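A structural walkthrough
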Amino acid sequence: MATQAPPPSANPASQKIFTIGTRKSKLALLQTDLVLAALKGRYPDYEFKIHSRETAGDQNTTIALRDFTTKNLWTQELEDLLEAGHVDLIVHSLKDVPTLLPSTCKLGPMMPREDSRDVLVIKKGLPNMSLVEMPAGSVVGTSSIRRTAQLAQKYPHLKVMDVRGNIGTRLSKLDAEDSPYTCLILAAAGLLRLGLEDRIFQYLESKNGGMLYAVGQGALGIEIRKDDQVMEDMLRGIGHDQTTFACLAERSLLRVLEGGCSAPLGVETEWIQDTEGSSKLRMRAIVVSVDGRESAEVELDGAVGSTQSAEEFGITVAKALVAKGAGKILEEIQRNKQPQLKIPVAESS
């Protein structure tokens, strides 16, 4: 059997052991295992090990995400390790990664994306029903300002209540006998990766439920040192161009709007064939005020075939949203936020 060649820019006599940084949650470790398995399969002559630790975002589960302006709740401690050379790459849920990274870091090529949609999960013992079918006053559990805003816009008869913790914790809160929740809205990707697809009653999208998802949702963000060409080449060997370009376009949109992880920005991207048979990226995007009364929405197609064109397309979509009033909505939300607190919060999947 032929020996696996090193990545293009690697020196065969150089580094052979690579350390992957990750959070300690069950989902984070599972996602890291996906990357590790792909790297081992592509580069069997290299050794990969995992270093896990808690981040600031794992420390507190009592304060709502929308009350914070800090955006690096789940990345900073791991980035410190990356910059110091203690780990060689970090695996994140991409939707948790701020659009502005430390100057010494960057995102590498991305693996194929899991289902990016939101899903509806009904409390055990209750009949399955869509959001529109739920009785007035039914409680939807989410800490996401994006979901809260879209729910207020499309389902004003429902009540939203914060629900915190990892996926297992939130499902337990939903199913508890004294639970106030009728349902939760979660990311499909986390449930699918954890083998909990049986809890999904309905997938939510623009054509079904009218909900757009978070920037980067369903994708894994693999962060590396900016000058590490060896690791970038290795990731390219397991990467997927369409996932990478779509996610970079989404992140470029968010970066321009400066909304960060807690902005009520929903997106939906898909690859389509134009009349000449070429692939184009179609992006739908919406910004909604928290009370659901104001919104700006666009749908554009772009020729995206590189990192640069992906970034440029995101900027084009952002400008179109601003032209429709998105900037005014985001400015009002920012004014209403409380000052940044020192106690961080955990993610809302």
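Note that this is a predicted model, so its numbers are computed, not measured.

A look at the overall build of the protein
For the protein, the count of helices and strands is 9 helices and 13 strands. Restricting to contacts in the protein with at least 6 residues of sequence separation, those with at least 24 account for 73%. Only carbon and sulfur atoms are counted for the fraction: they give 49% of the accessible area of the protein, which is about 15,300 Å².

Points about the packing of aromatic side chains
Under the defined criterion, the tally for this structure stands at 3 aromatic pairs. Between Phe-18 and Phe-48, the aromatic rings sit 5.8 Å apart at their centres with planes inclined by 25 degrees, giving stacked as the arrangement. With a gap of 30 residues between them, Phe-18 in strand β1 (residues 17-22) and Phe-48 in strand β2 (residues 47-52) connect regions that are remote in the sequence. Taking the relative accessible area as the measure of exposure, Phe-18 reaches 2% and is therefore buried. Overall, Phe-48 belongs to the buried group, its relative accessible area being 5%. Ring plane angle 75 degrees and centroid distance 6.2 Å describe the contact between Tyr-43 and Tyr-46, whose orientation is recorded as edge-to-face. We classify Tyr-43 as buried; its relative accessible area is 2%. On the accessibility criterion, Tyr-46 (6% relative accessible area) is buried. Members of the aromatic cluster, each reached through a chain of ring pairs, are Phe-18, Tyr-43, Tyr-46 and Phe-48.

Observations regarding the sheet that holds strand β11 (residues 265-273)
One key point about sheets: their strands pair by backbone hydrogen bonds, in either a parallel or an antiparallel sense. Strand order in the open sheet formed by 3 strands is β11-β12-β13, with antiparallel pairing between adjacent strands. Edge positions in the open sheet fall to β11 and β13 (295-302), since each of these has one partner strand only. The average angle at which neighbouring strand axes cross in this sheet is 10 degrees, direction not considered. Relative to β13, strand β12 (residues 279-288) runs antiparallel, the two sharing 8 bridges. Considered in β13, the bridge of Leu-281 is made with Gly-302. Strand contacts of helix α7 (residues 241-257): β11 and β12, with the helix running at about 145 degrees to β11, the strand carrying the most contacts. Contacts from helix α8 (residues 307-323) reach β11, β12 and β13 within the one sheet, and its direction differs from that of β13 by about 150 degrees.

Topic: the environment of Ala-214
Secondary-structure assignment places Ala-214 in the loop between β9 (202-204) and β10 (220-225). You can call Ala-214 buried: its relative accessible area is 15%. Every residue in contact with Ala-214, bar those within four places of it in the chain, is listed here: Lys-95, Arg-113, Arg-146, Glu-250 and Val-267.

Description of the pattern of salt bridges
This structure, assessed with the given rule, holds 20 salt bridges. Between Arg-236 and Glu-232 there is a salt bridge whose closest N-O contact spans 3.1 Å. In this pair, Arg-236 and Glu-232 are both assigned in helix α6 (residues 229-236), 4 residues apart and thus about one turn of the helix distant. According to the relative accessible area criterion, Arg-236 is partly exposed, its value standing at 45%.

Topic: the packing of α7 against α8
Orientation of α7 relative to α8, taken along the N-to-C sense of each, is 40 degrees, at an axis distance of 7 Å. The angle between the axes of α7 and α8 places the two elements in the oblique class. Once α7 is placed against α8, the crossing between them reads as right-handed. The segment α7 lies against α8, with Phe-245, Leu-248, Ala-249, Ser-252, Leu-253, Arg-255, Val-256 and Leu-257 engaging Thr-307, Ala-310, Glu-311, Phe-313, Gly-314, Ile-315, Val-317, Ala-318, Leu-321 and Val-322. A class-by-class count of the residues in the contact of α7 with α8 yields 13 nonpolar, 3 polar and 2 charged.

About the thresholds
- Residues numbered from 1 in each chain as written.
- Predicted model: local features only at pLDDT ≥ 70, side-chain atom pairs only at ≥ 80, totals over all residues.
- Heavy atoms only, no water.
- Helix = DSSP H or I, 4+ residues; strand = E, 2+ residues; numbered from the N terminus.
- Contact = heavy atoms within 4.5 Å.
- Areas by Shrake-Rupley, 256 points an atom, 1.4 Å probe, with all protein chains shown as cover.
- Phe/Tyr/Trp six-rings, centres within 6.5 Å; stacked < 30°, edge-to-face > 60°.
- Buried < 20%, exposed > 50% of the residue type's maximum accessible area, 1.4 Å probe, protein only.
- Pairing = 2+ DSSP bridges.
- Axes fitted to C-alpha atoms, helices over the stretch in contact; angles between N-to-C directions.
- Salt bridge = Lys/Arg side-chain N within 4 Å of Asp/Glu carboxyl O.
- Parallel < 35°, antiparallel > 145°, perpendicular 65-115°, else oblique.
- Left-handed = near helix turned anticlockwise from the far one by under 90°.
- Nonpolar A, V, L, I, M, F, W, Y, C, P; charged D, E, K, R; others polar.

Read these as spatial facts, not as claims about activity.
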